[in-house]
Amino acid sequence: MKPRIFLSPPHLGTEERRHVESALATNWVAPAGPHLAALEAEMSAVSGVKSALCVSSGTAALHLAVRLLGVSPGDEVFCSTFTFVASANPIVYQGATPVFIDAELRSWNMDPALLAAALAERARQGRLPRAIIVADIYGQCAAWDEIQRVADLHGVPVIEDAAEAVGATYRGRWAGGFGAVGIYSFNGNKIMTTSGGGMLVSADTALIDRAHKLATQARDAAPHYEHSELGYNYRLSNVLAGIGRGQLSSLPQRIDRRRQIFDHYRSALGDLPGVGFMPELPEGRCTRWLTCLTVDPAAAGINRDDVLAALAADNIEARPLWKPLHQQPLYRGSACFGGEVADRLFAQGLCLPSGSAMTDDDLQRVADVVRGVFPRP
Ligand SMILES: *Cc1c(COP(=O)(O)O)cnc(C)c1O
């Protein structure tokens, strides 16, 4: 059996070990300590988003975000349909109802025109959503100019789910800073990892202060344990924040390598009939967290599942693109505006191994397997 090639394994440098050792040496082995504040400050500095809070996962950050915006039972929250399930679950944690919005082909993110139509319809009905959750998928920012314009028109706050887009930019600004509040994931498969972890970011410092309180069991200021509202234990360990600091210091090189990997695949496979690669909005710079492509069976003579099967047979991990949330059994019966674009991406799309530690030989091995599935011309 050939060695396994994983989809997106962690890629550690040398700084991670140094920071973890300093946490151990100084006994800061707790969800408190200097690496947490340092990671928050370093992230704010590079992202340009004023305030940041380390938390235990991207999902926890999203839960805090919906809670902070007052999402409660009876509310509707609009959400991208073409995303991972964690984008929408926190809506349900709060007892509210998700309404899904389709993707656009330009970015594979939420379609701003469809969002405008959905908001206009709900405005006419006198029941605007409490918030809009927009995911920046596969390392690419959504069309933020258009999305912010329509959201502002109706005064509905936006949560930016930048879990997959740490380090991506749009008009030179970092993903995470476009909504009222943004979140990152540092899960093991993401471009920057703490093994598991996440972050909440906002220009609104008071909002982040409030999130800090909610994430630490909503403890009131008192010498004893005093609680007047419901909180959570969503803190990140100081040891893990040390890993995050190391990861952040090499993030620019990691992004460059993932973009090179994308370019390598595109030049090796872009001539195949029916193959299309995920587009990049001209206003933005995608991190290419995962290289994503689509296979149109009518033009290719084979389909996406044939490619996945050949890769699996060669011990290469690859995945279909996200199954749209409106198609998930969990969300059956939820309202969805559009859906055909996400459905087509799911039917035809896959992600290729994209870890930044992959060698050029690894890339060639993957590309050769993919090419081998297509009929010879
Ligand atoms: C990974 C991911 C999350 C959740 O992050 P965790 O850290 O795994 O909880 C949320 N949204 C999207 C789009 C993701 O890809």
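Everything below is about the structure shown above.
Residues numbered from 1 in each chain as written. Predicted model: local features only at pLDDT ≥ 70, side-chain atom pairs only at ≥ 80, totals over all residues. Heavy atoms only, no water.

Novice: Sorry if this is basic, but what is going on with the overall build of the protein here?
Specialist: Each helix and strand in the protein was counted, giving 13 helices and 15 strands. Computed over its C-alpha atoms, the radius of gyration of the protein comes to 21 Å, within 12% of the 21 Å expected for a compact globule of 377 residues. Counted over contacts in the protein with a minimum sequence separation of 6, partners at least 24 positions apart contribute 71%. When the accessible surface of the protein is totalled, it reaches about 15,300 Å², and 54% of it is carbon and sulfur. With 35 positive and 39 negative side-chain charges, the protein shows a separation of 2 Å between the mean positions of the two kinds. (Helix = DSSP H or I, 4+ residues; strand = E, 2+ residues; numbered from the N terminus. Rg over C-alpha atoms; globule rule 2.2 N^0.38 Å. Contact = heavy atoms within 4.5 Å. Areas by Shrake-Rupley, 256 points an atom, 1.4 Å probe, with all protein chains shown as cover. Lys, Arg positive; Asp, Glu negative; His and termini not counted. Charge placed at Lys NZ, Arg CZ, Asp CG, Glu CD.)

Novice: I'm lost on the site of the ligand in this one. Help?
Specialist: Around the ligand, 14 residues are found, and the nearest of them are Gly 58, Thr 59, Glu 164, Ser 185 and Lys 190. Between Glu 164 and the ligand, the recorded distance is 2.6 Å, taken from a side-chain N or O atom to an oxygen atom. One of the side-chain nitrogen or oxygen atoms of Lys 190 is found 3.2 Å away from an oxygen atom of the ligand. When the ligand is considered free in solution it has 380 Å² of accessible area, and contact with the protein chains removes 93% of it. By residue class, the composition of the shell around the ligand is 3 nonpolar, 8 polar and 3 charged. (Near = heavy atom within 4 Å. Polar contact = N/O pair within 3.5 Å; in protein donor to acceptor, adjacent residues only side chain to side chain. Nonpolar A, V, L, I, M, F, W, Y, C, P; charged D, E, K, R; others polar.)

Novice: Is there a simple way to explain the pairing of strand 8 (residues 181-185) in this structure?
Specialist: Looking along a regular strand, one sees the side chains alternate between the two faces of the sheet. Burial runs high along strand 8: 5 of the 5 residues are buried. In strand 8, alternate side chains face the same way, and those of Val 181, Ile 183 and Ser 185 on one face and Gly 182 and Tyr 184 on the other are all buried. Sheet topology places strand 5 (residues 158-161) next to strand 8; 3 bridges connect them, and they run parallel. Across the sheet, the residue bridging to Glu 160 is Gly 182, located in strand 8. With 4 bridges connecting them, strand 8 and strand 9 (residues 198-202) associate as antiparallel partners. Each bridged residue has a counterpart across the sheet, and for Tyr 184 the counterpart in strand 9 is Met 199. (Buried < 20%, exposed > 50% of the residue type's maximum accessible area, 1.4 Å probe, protein only. Pairing = 2+ DSSP bridges.)

Novice: Please clarify how the sheet that holds strand 10 (residues 275-277) should be interpreted in this entry.
Specialist: Neighbouring strands of a sheet are bound in pairs by backbone hydrogen bonds; such pairs are parallel or else antiparallel. Strand order across the open sheet formed by 4 strands is 10-12-15-13, with antiparallel pairing between neighbours. Where the open sheet ends on each side, the last strands, each with one partner, are strand 10 and strand 13 (319-320). Pairing geometry for strand 10 and strand 12 (residues 291-295), over 3 bridges, is antiparallel. Looking across to strand 12, one finds that Gly 276 is bridged to Thr 294. Packing against the sheet, helix 9 (residues 251-269) makes contact with strand 10, strand 12 and strand 15 (349-352), and its axis sits at approximately 160° to strand 10. (Axes fitted to C-alpha atoms, helices over the stretch in contact; angles between N-to-C directions.)

Novice: Quick question: what am I supposed to make of the sheet that holds strand 3 (residues 97-101) here?
Specialist: Taken together, the 8 strands give an open sheet; going across it, the order is 1-9-8-5-4-2-3-14, and neighbouring strands pair in mixed fashion. Where the open sheet ends on each side, the last strands, each with one partner, are strand 1 (51-55) and strand 14 (336-337). This element, helix 3 (residues 58-68), spans strand 1, strand 4 (131-135), strand 5, strand 8 and strand 9 of the sheet and lies at about 165° to strand 8. Lying on the sheet, helix 5 (residues 112-124) is in contact with strand 2 (76-80), strand 3, strand 4 and strand 14; it crosses strand 2 at an angle near 170°.

Novice: Honestly, the pairing of strand 1 in this entry has me stumped. Any pointers?
Specialist: By the criterion of burial, strand 1 is predominantly enclosed, with 5 of the 5 residues buried. The alternating pattern of strand 1 places Ser 51, Leu 53 and Val 55 on one face and Ala 52 and Cys 54 on the opposite face, and all of these are buried. Of the strand pairs in this sheet, strand 1 and strand 9 are connected by 5 bridges, and their pairing is antiparallel. By the bridge assignment for strand 9, Val 55 is matched with Gly 198.

Novice: What exactly am I supposed to notice about the packing of aromatic side chains here?
Specialist: In the structure shown here, the tally under the stated rule is 12 aromatic pairs. When the centroid spacing of 5.7 Å and the interplanar angle of 90° are considered together, the rings of Tyr 170 and Phe 178 count as edge-to-face. Owing to a relative accessible area of 1%, Tyr 170 belongs among the buried residues under this scheme. Relative to Tyr 234, the ring of Tyr 232 has its centre 4.9 Å away and its plane inclined at 10°; by these criteria the two rings are stacked. One aromatic cluster is present, formed by Phe 82, Phe 84, Trp 108, Tyr 138, Trp 289 and Trp 322 through successive ring pairs. Note that Arg 219 overlies the ring of Tyr 225, its terminal NZ or CZ placed 3.9 Å from the centroid. Over the ring of Phe 346 we find Arg 304; its NZ or CZ atom is 5.8 Å from the centre of that ring. (Phe/Tyr/Trp six-rings, centres within 6.5 Å; stacked < 30°, edge-to-face > 60°. Lys NZ or Arg CZ within 6 Å of the ring centre and 35° of its normal.)

Novice: Would you mind going over helix 7 (residues 205-215) with me for this structure?
Specialist: Because each turn of an α-helix spans 3.6 residues, side chains separated by three or four positions in sequence point in the same direction. Where helix 7 is concerned, the buried positions are Leu 207, Ile 208, Ala 211, Leu 214 and Ala 215. For helix 7, the buried positions fall inside an angular range of 115° around the axis, keeping them on one side. Check the buried side of helix 7 and you find it contacts strand 1, helix 3, strand 8 and strand 9. Sitting at the amino-terminal end of helix 7 is Asp 204, which places a side-chain oxygen 3.1 Å from the backbone nitrogen of Ala 206. Residue Gln 217 follows helix 7 closely and has a positive phi angle near 65°. (Arc of directions from axis to C-beta.)

Geometric descriptors of this kind do not, in isolation, establish any biological role.
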